[in-house]
Amino acid sequence: METVKIISHLTPEEWKRSWASKVVEDTNENMRAYQQTTCFWGHFKDRQDFVICHHREGEIKSMSLGLYFNGHLEKDEKGSCITGRFGKKRSANLFLAMGATLSLVVLFSAIARTDLEMISVSALLFVILILCYLTKPKKGQRILLEQLEKISFDEAFHRRKKRS
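Being a predicted model, the structure only gives us computed values, none of them experimental.

S.K.: An account of the layout of surface pockets is needed here, citing residue identities and associated values.
M.R.: Looking at the largest pocket, its volume works out to about 220 Å³. Together, 10 residues line the largest pocket, and K45, V51, Y68, N70 and K89 are the ones closest to its centre. The residue makeup of the lining of the largest pocket, split by class, is 2 nonpolar, 2 polar and 6 charged.

Right, here's the structure in full:
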C-alpha cells in the first residue's frame, strides 16, 4: 500500500491541539469510559509518530481486526506534513497468520488421507484468513482519512495560542 500524505496549514503544535479535541487517548481509563461509543482512539508514540483507529460501539479494542493508521507528523513550510500507512494490529496479523498456517497443516494432512470434506473446509478457511490478512477495506481507509482531514484543516486551531 502506498504512503498517504496530507499537507496541513496548521503548525505541528496546532495540529496536536486539534488532535486532542477529536481523538480519545487510548488509556485504560478511557477504554472503559468509551467502550460503548463510536469514536476515534489514538496516541502519540513519541513527539512525531502516532497511531489512530476507528472504534465502533461494543467492539473490544484488544480483539479488533480493524484498520489502524500509523502516521508521522513533521513541520512543513506550509504548516505540517502528515505521512503514514494503513495497517492492522500486530496481534491481529499474528492471529490471522497462525490461523492460516494451522489450516494449511490440516489441508495437507487431509490431502494425505484423501478426506474430501476436510480438504474443502480447510482450503476455504485458509483462503478466508489470507483474504482477511491482505485486505484493507476502502471504507475503513476513507473513515480514517476523513478524520485526519478534520484534524488537519480545523480553522478553530489555526493561529491560536495555547491557553495557559
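That was the structure; now back to the text.
S.K.: Could you give me a rundown of the sheet that holds strand β3 (residues 39-44), with the residues and numbers involved?
M.R.: The mixed open sheet is built from 6 strands, whose spatial order is β1-β6-β5-β4-β3-β2. The sheet is open, and its two edges are formed by β1 (4-8) and β2 (24-25), each paired on a single side. Across the sheet, helix α1 (residues 12-22) touches β1, β2, β3, β4 (49-55), β5 (67-76) and β6 (79-88), and the angle it forms with β3 is around 140°. Along the sheet face, helix α5 (residues 138-152) touches β1, β3, β4, β5 and β6 and points at about 125° away from the line of β4.

S.K.: Describe unusual backbone geometry, with residues and values.
M.R.: The backbone of T114 shows a phi angle near 50°, a positive value even though the residue is not glycine. Along the chain, T114 turns up in the loop between α3 (90-113) and α4 (116-134). Overall, the relative accessible area of 61% leaves T114 in the exposed class.

S.K.: So, α5: which residues are in play, and what are the values?
M.R.: Between its first and last C-alpha atoms α5 spans 20 Å; for 15 residues at 1.5 Å apiece the expected length is 21 Å, and the two agree. Among the residues making up α5, those that are buried are G140, Q141, I143, L144, Q147, L148, I151 and S152. At its buried positions, α5 is contacted by β1, α1, β3, β4, β5 and β6.

S.K.: Pulling in residues and values, what's your account of the environment of E25?
M.R.: Looking at where E25 falls in the secondary structure, it is placed in strand β2. When its relative accessible area of 37% is taken as the criterion, E25 is described as partly exposed. Every residue in contact with E25, bar those within four places of it in the chain, is listed here: W19, N30, W41, G42, H43 and F44.

S.K.: How would you summarise the packing of α1 against α5 if you had to cite specific residues and measurements?
M.R.: Relative to each other, α1 and α5 sit at 125°, their axes nearing to 8 Å. Looking at the two axes, α1 sits oblique to α5. Handedness of the α1/α5 crossing: right-handed. When α1 is examined against α5, the residues W15, S18, W19 and K22 are found in contact with a partner set consisting of Q147, L148, K150, I151 and S152. Class assignment of the residues belonging to the contact of α1 with α5 gives a composition of 4 nonpolar, 3 polar and 2 charged.

S.K.: Break down a nonpolar patch on the surface for me, citing the residues and quoting the values.
M.R.: Taken together, the side chains of V106, M118 and V121 make up a nonpolar region of the molecular surface, amounting to roughly 220 Å² of accessible area. Along the chain, M118 falls in helix α4.

S.K.: Give a description of the packing of α3 against α4 that names residues and reports values.
M.R.: For the pair α3 and α4, interaxial distance at closest approach is 8 Å and the crossing angle is 160°. Compared by their axis directions, α3 and α4 come out roughly antiparallel. Our pair here, α3 against α4, has a crossing hand that is left-handed. In this structure, α3 uses N93, L96, G99, A100, S103, L104, V106, L107, A110, I111 and R113 to contact α4, whose residues at the interface are M118, I119, S122, A123, L125, F126, L129, I130, C132 and Y133.

S.K.: Quick rundown of the packing of aromatic side chains? Include the residues and the values.
M.R.: Centre-to-centre distance and the angle between the planes together describe a pair of aromatic rings. Per the stated rule, a full pass over the model turns up 8 aromatic pairs. On the numbers, 5.1 Å between centres and 65° between planes, the contact of W19 with F50 is edge-to-face. Taken together, the residues span a long stretch of sequence, with W19 in helix α1 and F50 in strand β4 at a distance of 31 residues. Assigned by exposure class, W19 and F50 land together as buried. Directly above the aromatic system of F44 lies the positively charged group of K16, at a separation of 5.1 Å from the ring centroid.

What counts and what doesn't
- Residues numbered from 1 in each chain as written.
- Predicted model: local features only at pLDDT ≥ 70, side-chain atom pairs only at ≥ 80, totals over all residues.
- Heavy atoms only, no water.
- 1 Å grid on protein atoms, 1.4 Å probe; cavity = no way out; pocket = protein on both sides within 12 Å on 5 of 7 lines; lining within 4 Å.
- Points joined across faces, edges and corners; volume = space filled by probe spheres on them.
- Nonpolar A, V, L, I, M, F, W, Y, C, P; charged D, E, K, R; others polar.
- Pairing = 2+ DSSP bridges.
- Helix = DSSP H or I, 4+ residues; strand = E, 2+ residues; numbered from the N terminus.
- Contact = heavy atoms within 4.5 Å.
- Axes fitted to C-alpha atoms, helices over the stretch in contact; angles between N-to-C directions.
- Buried < 20%, exposed > 50% of the residue type's maximum accessible area, 1.4 Å probe, protein only.
- Expected span 1.5 Å × (residues − 1).
- Parallel < 35°, antiparallel > 145°, perpendicular 65-115°, else oblique.
- Left-handed = near helix turned anticlockwise from the far one by under 90°.
- Patch = residues over 30% accessible without salt bridge, like charges linked within 9 Å, V, L, I, M, F, W, Y side chains within 5 Å.
- Areas by Shrake-Rupley, 256 points an atom, 1.4 Å probe, with all protein chains shown as cover.
- Salt bridge = Lys/Arg side-chain N within 4 Å of Asp/Glu carboxyl O.
- Phe/Tyr/Trp six-rings, centres within 6.5 Å; stacked < 30°, edge-to-face > 60°.
- Lys NZ or Arg CZ within 6 Å of the ring centre and 35° of its normal.

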